[in-house]
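Coordinates in review
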Amino acid sequence: MPDMTTMQTTNGAEPMIRLQELTKVFPGQKNPAVESLDMDIPAGEIVILVGPSGCGKTTTMRLINRLIEPTSGHIILEGEDVTKVNPDKLRRRIGYVIQQVGLFPHQTIADNIATVPKMLGWDSKRIRARVDELLALVGLDPSQYRNRYPKQLSGGQRQRAGVARALSADPPVMLMDEPFGAIDPITRDRLQNEFLRLQETIRKTIVFVTHDIDEAIKMGDRIAILREGSRIAQYDTPARILSAPADDFVADFVGHGASLKRLNLSRVRDVELVDWPTAGLESSPAEVLAALRGSDKGAVLILDGGRRPTRWVTGRELGRADQPIAELGHPAEAIVQRHTTLGDALNEMLTSRVGCAIVVDESGAYLGTVDFATVSAEIQTMRQDARDRSRAEADEIHGSSARNG
Amino acid sequence: MDAFLAYLAAQGDRLFASTLEHATIVLISVALATVIGVTIGVLTYRTGAPRRMALRVTGIFLTIPSFALFGLLVPFLGLGTTPAIVALVMYGLLPIVRNTIVGLRSVDPAVVESAQGMGMGRYRRLLRIELPLSWPVIITGVRVAAVITVGIAAIAAVVNGPGLGKDIFRALARFGSPNSVPQVLSAILGIIIIAITIDLVFVLIARFTTSRGIRA
Ligand SMILES: Nc1ncnc2c1ncn2[C@@H]1O[C@H](COP(=O)(O)OP(=O)(O)O)[C@@H](O)[C@H]1O
Ligand SMILES: [Mg+2]
């Protein structure tokens, strides 16, 4: 769960990227597309730029790697003013992923990924090793995909290859412009989850553009809600954007159902798992029955040799059991992982006949379950937190008495 | 028909030499037209006015009657191979310039943007990304240019240029005499063979020089 106490500004550590009074006026236009933008992007975080279409998100992102040259203002990267440095050299330090991916269709996936390392003059052995490492990292089997051409990949696989290509020379910063915007919802959800897991290992500083507030809440450590001219309406953690929108514009943009959205701030690993009785595939009906009797639940979860959930069996089904366990009951569905958000787990739960989502580890082995009661309790806790916080803030404002709340 | 075969048997060696000459002048002209045409295309494809200018001028070249063009060049270049090649290059330019421009302009902007975003400079982008991606279209233009010039090269004989045109003009000059018809026919046969061969060769070149990733 993101740290609820993190405040608007990053105190202490130097930001990875600092934008200073960054302004872009396109020739022949009266209003700036980006107007005097000041923003700090802390190292190792995913910062989301979100806002209505045409508010200047893409322009802001392209100013950072100078695909668009600023009219005025400065871009500071790792403490260095890069507003005037050689743009090609700058771009090799910044990964760039766009919605259309833009893989080179005439090159193999390996050659695509090798683009920047080749320009940096790496030797071919190092490049080959790096390509395979990256393919594996984004979940594409190197032996199967390295020699394929982009047209031989699905949309989701192309997006992964695009991420691998952007990571190739291990840049500290990645810019991603609606990277999952053109992907079907189910694949998008998977790619988002994979990307979050990837980020846990790579810890890049990521500027991520989207127009989808749900994606922003799911992906962001911090969210900048932008209005026309790339002016910041609120720059804050997802939790605070949801619980304390700065003004009506933000509240409108976040929309209704904020408490349901907040469920996407908590992950399965943040809550206590509920145990269900389990039994092995080889167990006798009597053993399964014993497991059932020893608990207050109405069903037993059958696990295979690798402790992976396979079926649910209820007491009634056991009663008329002359079949093997493997054929009793119904398949175990609604399987989630520890990094799944509670919102997604809730969705899964709704499809489960038993009314809970089964939690498994990376190898698919059973850990426990999440049920409605857990989710409901979590919503209560979040509400209480939000109330406590806004009361504390109100006290603070009255205490300082300098501002009118 | 017998007369034709007899002519071929008697003049075969000389005909073969003329055919080679003809093919050579076509290939030289097309090679030059390719270098010049692709360069013009690369220099003009991004900006509207120069682009339209390039297409209009090379388009006008193609509309000048070939007799007239060959004749016009003589005062400047004299007789022989040089005016022949210059005229053929002029005729070959339009399809090459046009296809280069069309090819470069049809490269997916997202591909170019991602190349630029990774720090590929202007030249690298052109050489590694844009030209390879437009190559199938460009090579088709070159093929069209080659086929056009095979026919026109026959007219090069008016400026004393090399090739099968000489046979045609010589035969026409003494039309009615024995062998004049077989001589014209054999020259035309040679031209057709060259045209078909060039066409096939270019289809093969296009196939083997186009990346598997963008082959249809
Ligand atoms: N290359 C450009 N030339 C002129 N105007 C542009 C250009 N790119 C963007 N704009 C304008 O700048 C504004 C912001 O666009 P953009 O950054 O693409 O918005 P967003 O990504 O938030 O949808 C829009 O009004 C758009 O028309
Ligand atoms: Mg955009």
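Please refer to the structure higher up on the page.
The text that follows walks through the structure, step by step, so that each part is easy to find.

Quick notes on the rules
Residues numbered from 1 in each chain as written. Chains lettered and ligands numbered in written order. Predicted model: local features only at pLDDT ≥ 70, side-chain atom pairs only at ≥ 80, totals over all residues. Heavy atoms only, no water. Core = buried A, V, L, I, M, F, W, Y, C linked by side-chain atoms within 4.5 Å. Buried < 20%, exposed > 50% of the residue type's maximum accessible area, 1.4 Å probe, protein only. Contact = heavy atoms within 4.5 Å. Buried area = accessible area lost by both parts, 1.4 Å probe. Salt bridge = Lys/Arg side-chain N within 4 Å of Asp/Glu carboxyl O. Polar contact = N/O pair within 3.5 Å; in protein donor to acceptor, adjacent residues only side chain to side chain. Helix = DSSP H or I, 4+ residues; strand = E, 2+ residues; numbered from the N terminus. Nonpolar A, V, L, I, M, F, W, Y, C, P; charged D, E, K, R; others polar. Near = heavy atom within 4 Å. Areas by Shrake-Rupley, 256 points an atom, 1.4 Å probe, with all protein chains shown as cover. Phe/Tyr/Trp six-rings, centres within 6.5 Å; stacked < 30°, edge-to-face > 60°. Lys NZ or Arg CZ within 6 Å of the ring centre and 35° of its normal. Expected span 1.5 Å × (residues − 1). Bend = angle between axes of the 7 residues up to and from the residue. Pairing = 2+ DSSP bridges. Axes fitted to C-alpha atoms, helices over the stretch in contact; angles between N-to-C directions. Parallel < 35°, antiparallel > 145°, perpendicular 65-115°, else oblique.

Before going further, it helps to examine the nonpolar core. Judged by nonpolar contacts, the single largest core of 60 residues is most densely connected at A:Phe195 and A:Ile225. Not counting residues within four places of it along the chain, the set of residues in contact with A:Phe195 comprises A:Ile46, A:Val163, A:Met174, A:Met176, A:Phe180, A:Ile206 and A:Met219. Judged by nonpolar contacts, the second largest core, of 48 residues, contains B:Leu126, B:Ile139, B:Ala145 and B:Ala206.

Right, let's talk about the interface of chain A and chain B for a bit. Each side of the interface is counted separately: chain A has 23 residues, and chain B has 21 residues. Here chain A meets chain B over a buried area of about 1900 Å², counting both sides, of which 60% is carbon and sulfur. For the chain A face of the interface with chain B, the top three residues by lost area are A:Phe104, A:His106 and A:Met119, together amounting to 27%. A salt bridge links B:Glu113 to A:Arg62, with the shortest nitrogen-to-oxygen separation between them at 2.9 Å. Counting every contact that joins chain A to chain B gives nine residue pairs in polar contact (both at pLDDT 80 or more). Where the side of chain A that touches chain B is concerned, the elements lending two or more residues are α2 (87-91), β6 (94-98) and α4 (115-119) of chain A. Residues of the side of chain A that touches chain B, tallied by class, amount to 11 nonpolar, six polar and six charged.

All names here are of chain A. All residues in the neighbourhood of ligand 1 are listed as Phe 26, Gln 29, Ala 33, Ser 53, Gly 54, Cys 55, Gly 56, Lys 57, Thr 58 and Thr 59. Cys 55 is positioned with one of its backbone polar atoms (N or O) 3.3 Å from an oxygen atom of ligand 1. Thr 58 is positioned such that a nitrogen or oxygen atom in its side chain is 2.7 Å from an oxygen atom of ligand 1. Burial of ligand 1 by the surrounding chains reaches 58%, relative to a free accessible area of 560 Å². Residue composition of the shell around ligand 1, by class: three nonpolar, six polar and one charged.

Residue and element names in this part refer to chain A. Within this structure, the stated rule accounts for five aromatic pairs over all chains. A centroid spacing of 6.0 Å and a plane angle of 55° characterise the contact between Phe 180 and Phe 208, whose relative ring orientation is tilted. With a gap of 28 residues between them, Phe 180 in the loop between β7 (173-177) and α8 (185-202) and Phe 208 in strand β8 (residues 205-210) connect regions that are remote in the sequence. Here Phe 180 and Phe 208 have matching classes, each one buried. Here Trp 276 and Trp 312 contribute two aromatic rings whose centre-to-centre distance is 5.0 Å and whose plane-to-plane angle is 70°, an arrangement assigned as edge-to-face. Within this pair, whereas Trp 276 is found in the loop between α12 (258-262) and β11 (278-280), its partner Trp 312 is found in strand β13 (residues 309-314), the two being separated by 36 residues in sequence. The structure contains a cluster of three or more aromatic residues connected by ring pairs, namely Phe 180, Phe 195 and Phe 208. One residue, Arg 126, lies across the ring of Trp 122, its end atom 3.6 Å from the ring centre. Directly above the ring of Phe 104 sits Arg 165, whose terminal nitrogen or CZ lies 4.7 Å from the centroid.

On to the pattern of salt bridges. Residue and element names in this part refer to chain A. This model, assessed by the stated rule, comprises 23 salt bridges over all chains. Across the salt bridge formed by Arg 18 and Asp 40, the nearest N and O atoms sit 2.7 Å from each other. On the criterion of sequence distance, the pair formed by Arg 18 in strand β1 (residues 17-24) and Asp 40 in strand β2 (residues 34-41) is long-range, its members being 22 residues apart. The exposure class of Arg 18 is partly exposed, given its relative accessible area of 33%. For Asp 40, a relative accessible area of 19% gives the class buried. Taking the shortest distance from any N to any O, the salt bridge between Glu 133 and Arg 130 comes out at 3.3 Å. Remark: Arg 130 and Glu 133 occur in helix α5 (residues 124-137); sequence separation between them is three residues, near one turn of the helix. For Arg 130, a relative accessible area of 14% corresponds to the buried category. Each of the salt bridges in this network shares a partner with another, and the network as a whole consists of Glu 78, Glu 80 and Arg 93.

This part is about helix α4 (residues 81-105) of chain B. Residues and elements named next belong to chain B. The end-to-end C-alpha separation of α4 is 36 Å, in line with the 36 Å expected for 25 residues at 1.5 Å each. Approximately 35° is the largest bend angle found in α4, and it occurs at Leu 93, with the proline Pro 95 only one to four residues beyond. Counting buried positions along α4 yields 19 of 25 residues, so the element is predominantly enclosed.

All names here are of chain A. The mixed open sheet is built from three strands, whose spatial order is β15-β16-β17. A single partner strand is all that each edge strand has here, and the edge strands are β15 (335-337) and β17 (366-371). Averaged over all pairs of adjacent strands, the angle between strand axes in this sheet comes to 40°, irrespective of strand direction. Note that strand β16 (residues 356-360) and β17 share five bridges and pair antiparallel.

Helix-helix packing: each pair is described by the crossing angle between the helix axes and the interaxial distance. Residue and element names in this part refer to chain B. Running from amino to carboxyl end, helix α6 (residues 122-153) crosses helix α8 (residues 180-209) at an angle of 170°, the nearest separation of the two axes being 9 Å. One element, α6, and the other, α8, form an angle in the roughly antiparallel class. Contacts between α6 and α8 involve Trp 135, Ile 139, Val 142, Arg 143, Ala 146, Val 147 and Val 150 on the former and, on the latter, Ile 191, Ile 194, Ala 195, Ile 198, Asp 199, Phe 202, Val 203, Ile 205, Ala 206 and Thr 209. Residue composition of the contact of α6 with α8, by class: 14 nonpolar, one polar and two charged.

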